[in-house]
Amino acid sequence: MSSEQAPDFCLTSLNDASKVCLSDYRGKVVLLSFWVTWCPSCQQDLPQKEIFARSLDADAFAFFTINVTGREADPSEVPAFIRKNGYRFPVLKDEGRRTYDAYGITSVPTSVLIDREGRIAGRYDEHTPFVRVIEAIGRLLG
């Protein structure tokens, strides 16, 4: 288990323009999923995450997707992409690549699992079957 502290961030929610700060979720298991609209692997990954997000116990767990605006061709097209696909999961807008870089991420999609103490419990790229991520979440919640 990593003892690396997850970098804190406060990002704007695409859903309602509120600010979401990671530190507000201390005590919960958190999954962050970094993505962009043009990435074929992201387009395969996001529907699974949508189904998963709808089945969560929000008291113990939080899930956020982070759109890496600094890697988008046109960040203004992201809201239409979300609407077109019917996604209801929370979408946070990275400030360019600030959060992406702070987490040392080099490709999308990448998911980062954070334990209740705010430490990074796992990093998962597009080659990791989502069921492995779900199993890791289950261990942290268990």
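Every chain begins its residue count from 1, and numbering advances along the sequence as written. For a predicted model such as this one, the threshold for reporting local features is a pLDDT of at least 70, and the threshold for listing and counting side-chain atom pairs is 80 or more; totals across whole chains, interfaces and linings nevertheless cover every residue. Hydrogen atoms and water are omitted, and side-chain values are computed over all heavy atoms in the structure.

**Student:** Would you explain the overall build of the protein in this entry?
**Tutor:** Labels follow the DSSP assignment, with helices taken as runs of H or I lasting at least four residues and strands as runs of E lasting at least two, numbered in each case from the N terminus. Of regular secondary structure, the protein possesses four helices and seven strands. Its helices and strands taken in sequence order, the protein reads β-β-β-α-β-α-β-α-β-β-α from the N to the C terminus. For the protein, whose C-alpha radius of gyration is 14 Å, the value lies close to the compact-globule estimate of 14 Å for 142 residues. Dimensions of the protein, computed from the C-alpha atoms along their principal axes, are close to 40 × 25 × 25 Å. Expressed as a percentage of the 142 residues in the protein, the buried residues total 45%. Accessible surface, the protein as shown: approximately 7200 Å² in total, 49% of it carbon and sulfur. Measuring between centres, the 17 positive side-chain charges of the protein sit 1 Å from its 19 negative side-chain charges. Taken over C-alpha atoms, the radius of gyration is set against a globule rule of 2.2 Å times the number of residues to the power 0.38. Remark: exposure states derive from per-residue accessible area (1.4 Å probe, protein chains only) relative to the maximum for the residue type, with buried under 20%, exposed over 50%, and partly exposed in between. Every accessible area reported is derived by Shrake-Rupley at a probe size of 1.4 Å, with residue values counting cover from the shown protein chains alone. Counting rule for charge: Lys and Arg are taken as positive, Asp and Glu as negative, and neither His nor the chain ends is counted. Where a charge sits is defined by one atom per residue type, namely NZ (Lys), CZ (Arg), CG (Asp) or CD (Glu).

**Student:** How should the confidence of the model for the protein be read in this particular structure?
**Tutor:** Known as pLDDT, the predictor's confidence for each residue is given on a scale from 0 to 100. Looking at the protein, pLDDT values average 94 and 99% of them are 70 or higher. Within the protein, no element has a lower average pLDDT than helix α1 (residues 40-53), which sits at 92, and none a higher one than helix α3 (residues 98-102), at 98.

**Student:** Hey, could you run me through the nonpolar core in this one?
**Tutor:** Within soluble globular proteins, side chains that are nonpolar generally end up buried alongside one another. Among the buried residues, those of types Ala, Val, Leu, Ile, Met, Phe, Trp, Tyr and Cys that are joined through side-chain atoms within 4.5 Å form a nonpolar core. Core analysis: the biggest nonpolar cluster contains 43 residues, and Leu-31, Leu-32, Phe-34 and Tyr-103 have the highest contact counts within it. Where this core is concerned, the elements lending two or more residues are β3 (29-35), α1, β4 (61-67), α2 (78-85), β5 (91-93), β6 (110-114), β7 (120-124) and α4 (130-141).

**Student:** Explain the side chain of Asn-67 to me, please; I cannot follow it from the model alone.
**Tutor:** With respect to the helices, strands and loops of the structure, Asn-67 is situated in strand β4. By relative accessible area, Asn-67 is classed as buried at 1%. By the convention used here, residues are in contact when the closest approach between their heavy atoms is within 4.5 Å. Not counting the four nearest positions on each side in its chain, Asn-67 is found in contact with Trp-35, Val-36, Thr-37, Glu-72, Val-78, Val-91, Leu-92, Lys-93 and Asp-94.

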